[in-house]
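Read off the chains here:
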Amino acid sequence: MVREINFYCRECGNGILLSGPPFPEMSRCEKCNIDYPVKADPALSGGRPLENCPRCDGSEFYVQKDFNRNLGLAVAILAALGVYLVFGLTWKSLVGLLAIAGLDALLYRILPLITICYRCKTIYRGFPINPAHSAFDLHVGEKYRKPS
Ligand SMILES: [Zn+2]
Ligand SMILES: [Zn+2]
């Protein structure tokens, strides 16, 4: 399985996507000439789940579905609208709506989990999930929020 490390340049916000293994130990934003080191960590290539972030050395992560919930909702609403326009308000459209809802739920269930570092917000995709990590916790998140 291909693994991806995804983060954003702190200057321009450009997305930087690395895939591996192996992962380069240095990646850079060409636009800003900033180097972003990625520490060689056994979790990057082996079967061990992440414990320390190879980018910031942070030890707190959260996991979430690799899915944009808002986008999914928008697609479902559009599909529902389409069903309504084609069938009108009949039992057929009701069946169509149920099918969309079911598909949405199914899709959400089979989506893979991604691990995200609280501190540097780097996304780790395709890595084994550490059972110690759980869903986003507002209190933990607050700890890492940068004062603006
Ligand atoms: Zn940049
Ligand atoms: Zn990190």
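Residues numbered from 1 in each chain as written. Chains lettered and ligands numbered in written order. Predicted model: local features only at pLDDT ≥ 70, side-chain atom pairs only at ≥ 80, totals over all residues. Heavy atoms only, no water.

## Things to note about the coordination of the zinc ion (ligand 1)
Then, in step 1: Around the zinc ion (ligand 1), the protein supplies C9 (SG), C12 (SG), C29 (SG) and C32 (SG) as donor atoms, at distances of 2.2 to 2.3 Å.
Then, in step 2: For the zinc ion (ligand 1), the four donor atoms in the first shell make angles of 104 to 114 degrees at the metal, a pattern classed as tetrahedral.
Then, in step 3: Mapping the donors of the zinc ion (ligand 1) onto the primary sequence gives the spacing C-x2-C-x16-C-x2-C. (Donors = N, O, S within 2.8 Å, 3.2 Å for Na, K, Ca; no water. Tetrahedral: all angles 85-135°; square planar, octahedral: opposite > 155°, others 65-115°.)

## A few points about the nonpolar core
Then, in step 1: Counting 19 residues, the largest nonpolar core has I5, I16, L18, Y36, Y124 and F127 as its most contacted members.
Then, in step 2: Put simply, the parts of the chain that give this core at least two residues each are β1 (3-8), β2 (15-20), β4 (34-37) and α1 (42-45).
Then, in step 3: Leave out the neighbours within four places in its chain, and I16 touches I5, N6, F7, C9, S27, R28, C29 and Y36.
Then, in step 4: Counting seven residues, the second-largest nonpolar core is a separate cluster that includes I116, I123, V140 and Y144. (Core = buried A, V, L, I, M, F, W, Y, C linked by side-chain atoms within 4.5 Å. Buried < 20%, exposed > 50% of the residue type's maximum accessible area, 1.4 Å probe, protein only. Helix = DSSP H or I, 4+ residues; strand = E, 2+ residues; numbered from the N terminus. Contact = heavy atoms within 4.5 Å.)

## Side note on the domain arrangement of the protein chain
Then, in step 1: Each domain of the protein chain was delimited in the assignment, giving domain 1 (3-66 + 112-144) and domain 2 (69-109).
Then, in step 2: Each of domain 1 and domain 2 has a C-alpha centre, and the two are 34 Å apart. (Domains from an automatic or database assignment.)

## Structural notes on the coordination of the zinc ion (ligand 2)
Then, in step 1: The protein atoms donating to the zinc ion (ligand 2) are C53 (SG), C56 (SG), C117 (SG) and C120 (SG), with metal-donor distances spanning 2.2 to 2.3 Å.
Then, in step 2: Here the zinc ion (ligand 2) binds four donor atoms, and the angle range of 103 to 114 degrees at the metal identifies the geometry as tetrahedral.
Then, in step 3: Within one chain, the residues donating to the zinc ion (ligand 2) are spaced in sequence as C-x2-C-x60-C-x2-C. In terms of burial, C53 and C56 fall into one category: buried.

## Overview of the sheet that holds β2
Strand pairing in a sheet is mediated by backbone hydrogen bonds. Such pairs are either parallel or antiparallel.
Then, in step 1: The sheet built from five strands is open, its strands ordered β2-β1-β7-β6-β5 with antiparallel pairing. Each edge of the open sheet carries a strand with a single partner, namely β2 and β5 (61-65). Neighbouring strand axes in the sheet, compared pairwise and without regard to direction, differ in orientation by 25 degrees on average.
Then, in step 2: By the bridge criterion, six bridges tie β1 to β2 in an arrangement that is antiparallel. Following the sheet pairing, F7 is matched in β2 by I16. (Pairing = 2+ DSSP bridges. Axes fitted to C-alpha atoms, helices over the stretch in contact; angles between N-to-C directions.)

## A short note on the pattern of salt bridges
Then, in step 1: Scanning the entire structure with this criterion turns up seven salt bridges.
Then, in step 2: Two residues, E4 and R125, come together in a salt bridge whose shortest N-O distance is 2.9 Å. Taken as a pair, E4 in strand β1 and R125 in strand β7 (residues 123-125) lie far apart in primary sequence, 121 residues in all.
Then, in step 3: On the basis of relative accessibility, which here comes to 22%, the residue R125 falls in the partly exposed class.
Then, in step 4: Where R28 meets D35, a salt bridge forms, and the shortest distance between an N and an O atom there is 2.7 Å.
Then, in step 5: Since its relative accessible area comes to 36%, R28 is described here as partly exposed. (Salt bridge = Lys/Arg side-chain N within 4 Å of Asp/Glu carboxyl O.)

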